[in-house]
Amino acid sequence: MTKEQVIVTAAQMRDIEGRIFAAGMPVAALMEKVARLISDRLQAMIPQGQRVGILVGPGHNGCDALVVARELHFRGDQVWIYQPFTKLKELTSQHFQYAQSLGIPCYQKLEELPSCDFLIDGLFGFGLEREITEPIASAINHFNEWNQPIFSIDLPSGLHTDTGEILGTAIRANHTFCLGLWKQGLLQDQALAHIGKAELIDFDIPLADIHAVLGDVIKVKRITAKTALATLPLPRPPVTHKYKEGHLLLICGSRRYAGGAILTGLGARASGVGMLSIAVPESIKPLLVSHLPEALIIGCPETETGAIAQLQLPDNTDLSSFSAIACGPGLTKDAMPIVQQVIASPVPLILDADALNILAQLGTIPTLQQRQAATVLTPHTGEFHRLFPDLPYTNRVNAVQTSAEQTGAVILLKGARTAISNPQGVVWINSESTPALARGGSGDVLTGLMGGLLAQIANQQTTIEDVVATAAWWHSQAGILAAAERTELGVDAFTLTQYLIKVLLVWNQP
Ligand SMILES: NC(=O)C1=CN([C@@H]2O[C@H](COP(=O)(O)OP(=O)(O)OC[C@H]3O[C@@H](n4cnc5c(N)ncnc54)[C@H](O)[C@@H]3O)[C@@H](O)[C@H]2O)[C@@H](O)CC1
Ligand SMILES: [K+]
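Quick caveat: nothing in here was measured; it's all calculated off a predicted structure. (Residues numbered from 1 in each chain as written. Chains lettered and ligands numbered in written order. Predicted model: local features only at pLDDT ≥ 70, side-chain atom pairs only at ≥ 80, totals over all residues. Heavy atoms only, no water.)

### Some points on the nonpolar core
Here is step 1: Counting 67 residues, the largest nonpolar core has L42, I54, W80, I81 and F143 as its most contacted members.
Here is step 2: The element contributing the most residues to this core is helix α3 (residues 60-74), with 7 residues.
Here is step 3: Dropping the residues within four chain positions of it, F143 is found in contact with L55, Y82, L110, L113, L119, I150 and I171. (Core = buried A, V, L, I, M, F, W, Y, C linked by side-chain atoms within 4.5 Å. Buried < 20%, exposed > 50% of the residue type's maximum accessible area, 1.4 Å probe, protein only. Helix = DSSP H or I, 4+ residues; strand = E, 2+ residues; numbered from the N terminus. Contact = heavy atoms within 4.5 Å.)

### Some thoughts on the domain arrangement of the chain
Bring the parts together and some accessible area is lost; that lost area is often taken as the interface size.
Here is step 1: Domain boundaries assigned for the chain yield domain 1 (3-217) and domain 2 (226-508).
Here is step 2: Contact residues are listed per partner, giving 12 residues for domain 1 and 11 residues for domain 2.
Here is step 3: Counting each side, the surface lost to burial between domain 1 and domain 2 is near 930 Å², with a carbon and sulfur contribution of 61%.
Here is step 4: When the buried surface of domain 1 facing domain 2 is broken down by residue, L187, Q188 and D189 rank first, second and third, together holding 47% of it.
Here is step 5: Applying the counting rule to domain 1 against domain 2 returns 1 salt bridge.
Here is step 6: A salt bridge links D189 to R396, with the nearest nitrogen and oxygen atoms 3.9 Å apart.
Here is step 7: Where domain 1 meets domain 2, there are 5 residue pairs in polar contact (both at pLDDT 80 or more).
Here is step 8: A per-class count over the side of domain 1 that touches domain 2 returns 4 nonpolar, 5 polar and 3 charged. (Domains from an automatic or database assignment. Buried area = accessible area lost by both parts, 1.4 Å probe. Salt bridge = Lys/Arg side-chain N within 4 Å of Asp/Glu carboxyl O. Polar contact = N/O pair within 3.5 Å; in protein donor to acceptor, adjacent residues only side chain to side chain. Nonpolar A, V, L, I, M, F, W, Y, C, P; charged D, E, K, R; others polar.)

### Observations regarding the coordination of the potassium ion (ligand 2)
Here is step 1: Protein-derived ligands of the potassium ion (ligand 2) are N61 (OD1), D121 (O), F124 (O), I153 (O), L155 (O) and S157 (OG), with the metal-ligand distances lying across 2.7 to 3.1 Å.
Here is step 2: Taken together, the 6 donor atoms coordinating the potassium ion (ligand 2) span angles of 67 to 173 degrees at the metal, a pattern that classifies the geometry as irregular. (Donors = N, O, S within 2.8 Å, 3.2 Å for Na, K, Ca; no water. Tetrahedral: all angles 85-135°; square planar, octahedral: opposite > 155°, others 65-115°.)

### Notes on the site of ligand 1
Here is step 1: Taken together, 24 residues surround ligand 1, and among them H60, D64, K89, G125 and D154 come closest.
Here is step 2: Take H60: an N or O atom from its main chain is 2.8 Å from an oxygen atom of ligand 1.
Here is step 3: Here a nitrogen atom of ligand 1 sits 3.1 Å away from a polar atom, N or O, in the main chain of E131.
Here is step 4: Within the complex, 89% of the 860 Å² of free accessible area of ligand 1 lies under protein. (Near = heavy atom within 4 Å. Areas by Shrake-Rupley, 256 points an atom, 1.4 Å probe, with all protein chains shown as cover.)

### Notes on the UniProt feature "domain: YjeF N-terminal" (unreviewed entry) in the chain
Here is step 1: Mapped onto this numbering, the UniProt entry gives "domain: YjeF N-terminal" (unreviewed entry) at residues 13-211.
Here is step 2: Counted over residues 13-211, helix gives 38% and strand 17%. Its end C-alpha atoms are 12 Å apart. (UniProt positions renumbered as here; feature names shortened; annotations may be inferred.)

### Digging into the packing of aromatic side chains
Here is step 1: Applying the stated criterion across every chain, the model contains 10 aromatic pairs.
Here is step 2: Taking the centre distance of 6.3 Å and the plane angle of 75 degrees together, the rings of W80 and W146 count as edge-to-face. Note that W80 is positioned in strand β3 (residues 78-82) and W146 in the loop between α5 (136-145) and β6 (150-153), a separation of 66 residues in sequence.
Here is step 3: Taking relative accessible area as the criterion, W146 reaches 18% and is therefore assigned buried.
Here is step 4: Where F143 meets W146, the ring centres are 5.4 Å apart and the plane angle is 80 degrees; that geometry is what we call edge-to-face. Residue F143 shares its accessibility class with W146, and that shared class is buried.
Here is step 5: Counting every residue linked through ring pairs, the aromatic cluster contains W80, Y82, Y107, F143 and W146.
Here is step 6: One Lys or Arg, K502, reaches over the ring of Y499 and ends 4.1 Å from the middle of that ring. (Phe/Tyr/Trp six-rings, centres within 6.5 Å; stacked < 30°, edge-to-face > 60°. Lys NZ or Arg CZ within 6 Å of the ring centre and 35° of its normal.)

### Examining the pairing of strand β7 (residues 175-179)
Here is step 1: In terms of burial, β7 is largely enclosed, as 5 of its 5 residues are buried.
Here is step 2: Because side chains alternate across β7, one face comprises the buried residues H175, F177 and L179, and the other comprises T176 and C178, equally buried.
Here is step 3: As defined by bridge partners, β6 adjoins β7 across 3 bridges and the pair is classed as parallel. Residue F151 lies in a different strand from β7, and its bridge partner there is H175.
Here is step 4: Here 5 bridges tie β7 to strand β9 (residues 197-201), and the two strands are oriented parallel to one another. Within the sheet, the bridge partner assigned to C178 lies in β9 and is L200. (Pairing = 2+ DSSP bridges.)

### Structural notes on the sheet that holds β7
Here is step 1: Here we have 7 strands laid out as an open sheet, ordered β4-β3-β2-β5-β6-β7-β9, and parallel in their pairing. Looking along the sheet, the strands with just one partner apiece sit at the ends: β4 (106-107) and β9.
Here is step 2: The sheet contact formed by β3 and β4 spans 2 bridges and is parallel. Opposite Y82, over in β4, you have Y107 as the bridge partner.

Have a look at this one:
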């Protein structure tokens, strides 16, 4: 476990901080250390001699900002301070007094503020506990309208540390220096527009204190490149054969949605899976053969509407002969019997797209209780609401945790920051992605990729949730790479499939 992986709530951060202070670290010394680290980063990013406005709140977030103000002042920047509060915490008050003694201009009224080139936001950190009211709310809105880059300390002031909700209003930062450990709110979709680029400032929190507060098993963690790459089936053993490298059955497509089946197949292809079988309605079989010549395409009898009516596997094959099954993209809702059949099978199973809508119709929780093998559900927000209409959703991390606990499945809740939970409530968050992936077909690629990985890893020690997290990371990294080369508009789902292998080349370079 690395600190980059850990995600905490405000209460957990406060407990960790409390242990450090109780062990003898002076509060003021920690403040100096943290603020010096922030100053160093700022000095690397802001040219010397700039006009810098520092927004100071009443607590220790404001205290950080005051130490930064002092450091920038001494290196020759033209610093001013906006501090509109009447009551400050003691240490904050001392630093404010010292800043004034240095002759740094301090203002309480918005109207008096001179212009500046950069703003540093130290109004509130994880101590924000209620909605921001006037006059601070107006001040924040005002700063958001200035067109100066804003650097937020710990988190943009106004965001709820755990849920990422906007408490009245919030600073829209260009850059956020998250202090010590990642705060959960920074990894929630609703906060993203306020965070800008986020970076972790590591101030040497002892691992023992993290474990003392969070336990041995960290319950909410970030997916990192290191953890994702460690789960990939690379390198392959020198002696192997195609069936040893997994046999994936994809069940997807309809006359209406043939493209979804192709994209799912291309995603699976990139996973390197040993054998790929794809069950589709008979009428689209030739199309699939032409796109995926290496796959065994199984043409199935179809309904009048062009959905798969019945799974017709080759002789001597039944569902239990596959290492994993992925079912759903492009199926249409007419394929209900097929979904029921795969749910009854004893094989690791991914359900996506129409299979999720069918599952919702069947009744999510009672239906999944029949499952003997592992199940993965990959809903987007709309599908999640259909699957779990009664679950509160303000906190996506809690929502995905509860859904996994209730169903015994691994749930991947799609979003700008995809969250994955196993049935024990351990959550992985994919912390890097790109809006370029918000496009039809992108989810089909993920399902195929994940299915292919699951099939290869099904017999090994790796847990299903590690596979799911790795697939999510790989998929979004491909999006990031493709967007860097082709812009965020250039990442159609087919193009995305072409970038999956490139991700491995980039990340495996020494
Ligand atoms: N946890 C740690 O290990 C460290 C924390 N530091 C800093 O300390 C911060 C937390 O400090 P605090 O606990 O003092 O909290 P904050 O500085 O986030 O703010 C708390 C203060 O704001 C007031 N307040 C809360 N909500 C308000 C609202 N809606 N309107 C007006 N006032 C409101 C509170 O009464 C309190 O005085 C972190 O975010 C970080 O910046 C770092 O400097 C040092 C290391
Ligand atoms: K802040």
